[in-house]
Amino acid sequence: ELTVADNKRLTAQTHYQHVSYVTFDRSVTDIDKSACAPGDCLALYPRNSEESVYRLLKMLKITPSDADSQRVVVSPNTSWGLVKQPDYPFFSTPMSLRELFTRFVDLDATASQTFLRMFSTKSVATGDEELKDRMADLGNPANCEDYNSFAYREKRTVIEVMEDFPSVPVTVSDLISNATILRPRYYSISSSPSMDKDVIGLTVALFHITTPLARERTGLCSRWLRESAKGSTVEGKFLHRPFNINPKAPLILIGPGTGVAPLRGIIRERAAMAASTGAPLPQMILFFGCRNQNGDFIHGDEWQA
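Residues numbered from 1 in each chain as written. Predicted model: local features only at pLDDT ≥ 70, side-chain atom pairs only at ≥ 80, totals over all residues. Heavy atoms only, no water.

What to know about helix α4 (residues 113-122)
Okay, step 1: Listed in full, the buried residues belonging to α4 are Gln113, Phe115, Leu116, Met118, Phe119 and Ser120.
Okay, step 2: Looking at the buried side of α4, the elements it contacts are α5 (129-138), α6 (144-152), α7 (158-164) and α8 (172-178). (Buried < 20%, exposed > 50% of the residue type's maximum accessible area, 1.4 Å probe, protein only. Helix = DSSP H or I, 4+ residues; strand = E, 2+ residues; numbered from the N terminus. Contact = heavy atoms within 4.5 Å.)

Shown next as structure tokens:
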């Protein structure tokens, strides 16, 4: 579990995109400081919002109190034959329905064709043949263009599909078997283990789009990071993926936008090592790109120092 130490907006308030520098307190993690190096990543496990979980429970006709009191155990499907069943962390672990929907089902994900095929099958109970056939067509892999128009381009979620057709009786088992599992989001670490000894830093842009039908969409994890306050916690995992770079070699670094994140780690680490050893700082040239120097010159104070 990672604890937020600070959250600072890097882009101007008037700039259309929100980019944050979020730091996590290193003193309360079990990450070995000696194992950190430029190029490493954090895998963060975001949680669904209370609003999304409430909307899902409503469509499943489950009361909030039942969601807290009902315990479930999800077992792997053993009928896959030669196809290996993915191993998910919630298998065989007792938990409440609320915890399952909050931590393990991606309620922001686009409804998949697998989900729409299941939805077609369940719509038989409504007696609506047109709906059944429509969902079957959308779930057919041969009809990619129809699926893209209905779901993918709009980023239409399983909750929205269920809300659009509330008469279709989807069960908890149907949802878990056909919805998208909540997977970690990976971010390059933009801090230096030698210079930023007390924190691990991420430079993160809020994912935000407007769909063709004017729906506003934001990324689940980047939205959480934007809103996170000091002391907030999130589950995470450290991934050791260091750059294989000669520490004394000159470098040309190219990183537009938040692509500069891992490069910032390299620059700060080399500066810290040079300061501690008295060795000359190897030559580095950074090519950084932004749309507006007064809007999104990310970490600009450091590049101009």
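A short note on the side chain of arginine 268
Okay, step 1: For arginine 268, the location among the structural elements is in helix α10 (residues 261-277).
Okay, step 2: Classification of arginine 268 by relative accessible area gives buried; the value is 16%.
Okay, step 3: Looking at arginine 268, its side chain comes within polar contact range of the side chain of glutamate 302, at 3.4 Å.
Okay, step 4: In this structure, arginine 268 is in contact with Ser190, Ser192, Met195, Asp196 and Glu302, ignoring residues within four places of it in sequence. (Polar contact = N/O pair within 3.5 Å; in protein donor to acceptor, adjacent residues only side chain to side chain.)

With respect to the environment of threonine 23
Okay, step 1: Of note, threonine 23 is situated in strand β2 (residues 19-25).
Okay, step 2: As a C-alpha pair, threonine 23 and valine 4 span 19 residues in sequence and 5.9 Å in three-dimensional space.
Okay, step 3: Threonine 23 has contacts with Thr3, Val4, Ala5, Asp6, Val199, Ile200 and Gly201, leaving out every residue within four places of it along the chain.

Here we look at the packing of α5 against α6
Okay, step 1: Orientation of α5 relative to α6, taken along the N-to-C sense of each, is 105 degrees, at an axis distance of 8 Å. Our classification of the angle between α5 and α6 gives roughly perpendicular. Of the residues in α6, those in contact with Arg134, Met135 and Leu138 of α5 are Asp146, Tyr147 and Phe150. (Axes fitted to C-alpha atoms, helices over the stretch in contact; angles between N-to-C directions. Parallel < 35°, antiparallel > 145°, perpendicular 65-115°, else oblique.)

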